[in-house]
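As a plain string of letters, each chain reads:
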Amino acid sequence: MSTIRKFQVTFDCAEPERVGRFWCEVLGYVPPEPPNGFATWEDYENSRPPEERGSWFACSDPTGVGPRLYFQRVPEGKVAKNRVHLDVRVGTGLVGEERLAVLEAECERVLALGAVRVQLLYDGHDSCISMQNIEGNEFCLD
């Protein structure tokens, strides 16, 4: 019998906290408490060497069900389509116009957070909306 392992999803990005806070809003995730000995994350960041400040951000599902998300600063920008992306499941179990209405409402919400709408895929029964986050990484509303 195989063992089920927990995992985290790691994002390469230019601004880890900005991208991480975007995903907190999209998914309802929360950042962790500051490390022991620090009252705030700002205190923690100020204790680090200048070149390491703001180099990462993490958040997690407050229910403990979803994976932890980790955002790390990398020097290079995005140059190609993602090989892996997140599908944000907001229309599960719905079909047709009812599904489309739920996806469109969620699309409006994440657009206000800085996302970009790319394309609606709709065949009259099933649908999804491809999007980009605030640094251009693809994800879908599904």
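Residues numbered from 1 in each chain as written. Predicted model: local features only at pLDDT ≥ 70, side-chain atom pairs only at ≥ 80, totals over all residues. Heavy atoms only, no water.

### Observations regarding the overall build of the protein chain
Step number 1: Along the backbone of the protein chain there are 3 helices and 7 strands.
Step number 2: Start at the N end of the protein chain and walk to the C end: the helices and strands fall as β-α-α-β-β-β-α-β-β-β.
Step number 3: Once the C-alpha set of the protein chain is aligned to its principal axes, its extents read approximately 55 × 40 × 30 Å.
Step number 4: Of note, the protein chain has its 15 positive side-chain charges centred 5 Å away from the centre of its 23 negative side-chain charges. (Helix = DSSP H or I, 4+ residues; strand = E, 2+ residues; numbered from the N terminus. Lys, Arg positive; Asp, Glu negative; His and termini not counted. Charge placed at Lys NZ, Arg CZ, Asp CG, Glu CD.)

### A look at the packing of aromatic side chains
The description of two aromatic rings rests on the distance between their centres and on the angle between their planes.
Step number 1: Applying the stated criterion across every chain, the model contains 11 aromatic pairs.
Step number 2: Where Phe-11 meets Trp-23, the ring centres are 5.9 Å apart and the plane angle is 35°; that geometry is what we call tilted. Remark: Trp-23 occurs in helix α1 (residues 16-27) and Phe-11 occurs in strand β1 (residues 8-13); sequence separation between them is 12 residues.
Step number 3: Taking the relative accessible area as the measure of exposure, Phe-11 reaches 11% and is therefore buried.
Step number 4: Since its relative accessible area comes to 1%, Trp-23 is described here as buried.
Step number 5: Residues Trp-41 and Trp-56 carry aromatic rings whose centres are separated by 5.5 Å and whose planes lie at 85° to one another, so their mutual orientation is edge-to-face. (Phe/Tyr/Trp six-rings, centres within 6.5 Å; stacked < 30°, edge-to-face > 60°. Buried < 20%, exposed > 50% of the residue type's maximum accessible area, 1.4 Å probe, protein only.)

### Focus: α1
Step number 1: The terminal C-alpha atoms of α1 lie 16 Å apart, and with 12 residues this matches the ideal 16 Å at 1.5 Å per residue to within 8%.
Step number 2: Contacts made by the buried residues of α1 are with β1, β2 (56-59), β3 (68-73), β4 (86-88), α3 (96-112) and β7 (138-141).
Step number 3: Phi for Gly-28, located one or two positions after α1, is positive at around 80°. (Expected span 1.5 Å × (residues − 1). Contact = heavy atoms within 4.5 Å.)

### Considerations on the sheet that holds β7
Consider a sheet: its strands pair through backbone hydrogen bonds, and that pairing is either parallel or antiparallel.
Step number 1: If you walk across this open sheet you meet the 4 strands as β4-β7-β6-β5, and the pairing is mixed. Taken across any chain shown, the strands that pair with only one partner, and hence form the sheet edges, are β4 and β5 (116-122). Looking at each pair of strands side by side, their axes are set apart by 25° on average, direction ignored.
Step number 2: Bridge analysis of strand β6 (residues 127-132) against β7 gives 4 bridges, and the strand direction is antiparallel. The partner of Ile-129 across the bridge, within β7, is Leu-141. (Pairing = 2+ DSSP bridges. Axes fitted to C-alpha atoms, helices over the stretch in contact; angles between N-to-C directions.)

### Observations regarding the sheet that holds β1
Step number 1: On the basis of which strands lie adjacent, the open sheet formed by 3 strands has the order β1-β3-β2 and mixed pairing. With one partner strand each, in any of the chains shown, β1 and β2 form the two edges of the open sheet. On average, each strand axis in the sheet is inclined to that of its neighbour by 15°, with strand direction left out of account.
Step number 2: Sheet analysis places β1 next to β3, joined by 6 bridges and oriented parallel. Bridge pairing in β3 places Cys-13 opposite Arg-73.

In short, shape yes, function no, at least from these values alone.
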